[in-house]
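Here is how the chains run, residue by residue.
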Amino acid sequence: MSLLLNLDHTLGCGQVFRWRKEGDLWKGVVDGHAAKLRQKADGAQVISGMDQTSFDRYFRTDDELEKVYRELSFDPVLGDYFTRYRGLRLIRQDPWECVASYALATNANIPRIQGMIERVCRTFGTEMDDGSYAFPSPEQLLDRCHRADGCGLGYRTDRFIELARLVHREKVDFSALMDMEYMDCARELVALPGIGNKVADCVALFCLDHLEAFPVDIRIKKAMAQLYGAEGSYRKVSAFARERFGHWAGYAQEYIFYAFGR
DNA sequence: CGTGGACCTGCTGGA
DNA sequence: TCAACCAGGTCCACT
């Protein structure tokens, strides 16, 4: 079984925060297991920590990347990116880890975001065999939430804890959010603490299967203005993208984001 | 609804 | 070394 998948692009483009490359090995934590992967010509080899089901789910192997390329290549810019970053796939993250991580990722640069998340994992998460730490559950977090003060989250602390509380009390139904229309999903997410338009779109896209979501952060904002002359409010720019790229808008976003970060 | 400020804090690009 | 018109926004106030 071969799969079009480039680990460097997929795990290094910025959609996930905790994967690290050591030598030719990508190391991360998926579903509470320390995972190790290695790039092969026809896909990725699982060294440890993932079974086929987990792998297929995580790397969205059902998404036909060639089909995405075909349907979006009417756009010359994307056509170029597809050639250069061939094999970059969207990942299906764990919903709780995804909302929590992106709620922390506001108004901070990537190194700091990674630092905050790492400290949260080390402070509250379960230690794995290889010495790494899993992302903590809402319960683990709430159990000793005063320790969050030592994680350097700044003003995000209260929002973060409150978010954990809501998820723990099952006030957030990820399964329902996944089933409803993208617009409804985004509207509900924005009502949660620490979540605005941008984070809501990241969550919709990266863990709730709403592939038409088009998160607009500062980098994408500049890119869209430069590439398409699309400017204005958040709603304006993201709507422009969804109209142009349709149900694959999320894939378009990820390639543009990656291209503009290099 | 859209826009302007304030906002924790520290990684790291530029004085 | 050091500051910070910075950094993958959000929230609140107000037109």
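Residues numbered from 1 in each chain as written. Chains lettered and ligands numbered in written order. Predicted model: local features only at pLDDT ≥ 70, side-chain atom pairs only at ≥ 80, totals over all residues. Heavy atoms only, no water.

A. Quick peek at the overall build of chain A. Along its length, chain A carries 14 helices and four strands. In summary, chain A has a C-alpha radius of gyration of 18 Å against a globular reference of 18 Å for 262 residues, a match within 12%. Dimensions along the principal axes, computed over C-alpha positions, put chain A at roughly 50 × 45 × 35 Å. The 262 residues of chain A split such that 50% are buried. The contacts in chain A between residues at least 6 apart in sequence include a share of 63% that link residues at least 24 apart. Taken as a whole, chain A presents about 12500 Å² of accessible surface, with 46% of it coming from carbon and sulfur. (Helix = DSSP H or I, 4+ residues; strand = E, 2+ residues; numbered from the N terminus. Rg over C-alpha atoms; globule rule 2.2 N^0.38 Å. Buried < 20%, exposed > 50% of the residue type's maximum accessible area, 1.4 Å probe, protein only. Contact = heavy atoms within 4.5 Å. Areas by Shrake-Rupley, 256 points an atom, 1.4 Å probe, with all protein chains shown as cover.)

B. Representation of the nonpolar core within the structure. Ranked by size, the top nonpolar core spans 79 residues in total, and within it Leu78, Trp96, Leu189, Met224, Phe245, Tyr255 and Ile256 carry the most contacts. Considering each element in turn, this core owes the most residues, eight residues, to helix 14 (residues 249-259). Listed in part, the 14 residues of the second largest apolar core include Trp19, Trp26, Tyr58 and Phe59. (Core = buried A, V, L, I, M, F, W, Y, C linked by side-chain atoms within 4.5 Å.)

C. Up close: helix 6 (residues 110-124). Taking 1.5 Å of rise per residue, 15 residues should cover 21 Å, and helix 6 covers 21 Å from first to last C-alpha, within 8% of that figure. Of all the positions in helix 6, only Ile113, Gly115, Met116, Ile117, Val120, Cys121 and Phe124 are classed as buried. Those residues of helix 6 that are buried are in contact with helix 5 (95-104), helix 7 (138-143) and helix 8 (156-168). (Expected span 1.5 Å × (residues − 1).)

D. Structural view of the protein's contact with DNA strand C. Not every one of the 21 residues close to DNA strand C is listed here, only the nearest: Gly14, Ile110, Gly194, Gly196 and Val199. Between DNA strand C and Ile110, the relevant distance is 3.0 Å, taken from a phosphate oxygen to a main-chain nitrogen or oxygen of the residue. Contacts to DNA strand C include Ile195, whose backbone N or O atom sits 3.3 Å from a phosphate oxygen. Taken together, the residues of the surface near DNA strand C sort by class into 11 nonpolar, seven polar and three charged. (Near = heavy atom within 4 Å. Polar contact = N/O pair within 3.5 Å; in protein donor to acceptor, adjacent residues only side chain to side chain. Nonpolar A, V, L, I, M, F, W, Y, C, P; charged D, E, K, R; others polar.)

E. Expanded view of the protein's contact with DNA strand B. Around DNA strand B lies a shell formed by Asn107, Asn109, Pro111, Arg112, Leu153, Gly154, Tyr155, Arg156, Ser233 and Arg235. Each atom of DNA strand B within 4 Å of the protein was classed as base or backbone; sugar and phosphate made up 53%. Asn109 is positioned such that a nitrogen or oxygen atom in its side chain is 3.2 Å from a base oxygen of DNA strand B. Side-chain polar atom of Arg156 to a base oxygen of DNA strand B: 2.7 Å apart, as the coordinates give it. Within the surface near DNA strand B, the residues separate by chemical class into three nonpolar, four polar and three charged.

F. Expanded view of helix 13 (residues 234-245). Over its 12 residues, helix 13 runs 16 Å from end to end, which matches the ideal 16 Å to within 8%, given 1.5 Å per residue. Check the buried side of helix 13 and you find it contacts helix 3 (65-72), helix 4 (76-84), helix 10 (182-190), helix 11 (197-206), helix 12 (218-228) and helix 14. Just beyond helix 13, the residue with positive phi is Gly246, at close to 60°.

G. Layout of the layout of surface pockets. When its volume is computed, the largest pocket comes out at roughly 750 Å³. Where the lining of the largest pocket is concerned, the elements lending two or more residues are helix 1 (7-12), helix 6, helix 11, helix 12 and helix 14. Broken down by element, the lining of the largest pocket gets its largest block of residues, five residues, from helix 11. Tallied by class, the residues present in the lining of the largest pocket amount to 18 nonpolar, 11 polar and seven charged. In this structure, the second largest pocket encloses a volume near 410 Å³. Lining the second largest pocket are 21 residues, and of these Val29, Val30, Asp31, Asp94 and Glu97 lie nearest its centre. Those elements that place two or more of their residues in the lining of the second largest pocket are strand 2 (25-30), helix 2 (52-58) and helix 5. Partitioning the lining of the second largest pocket into residue classes produces 11 nonpolar, four polar and six charged. When we break the lining of the second largest pocket down by domain, the ones giving at least three residues each are domain 1 (7-84) and domain 2 (95-206). (1 Å grid on protein atoms, 1.4 Å probe; cavity = no way out; pocket = protein on both sides within 12 Å on 5 of 7 lines; lining within 4 Å. Points joined across faces, edges and corners; volume = space filled by probe spheres on them. Domains from an automatic or database assignment.)

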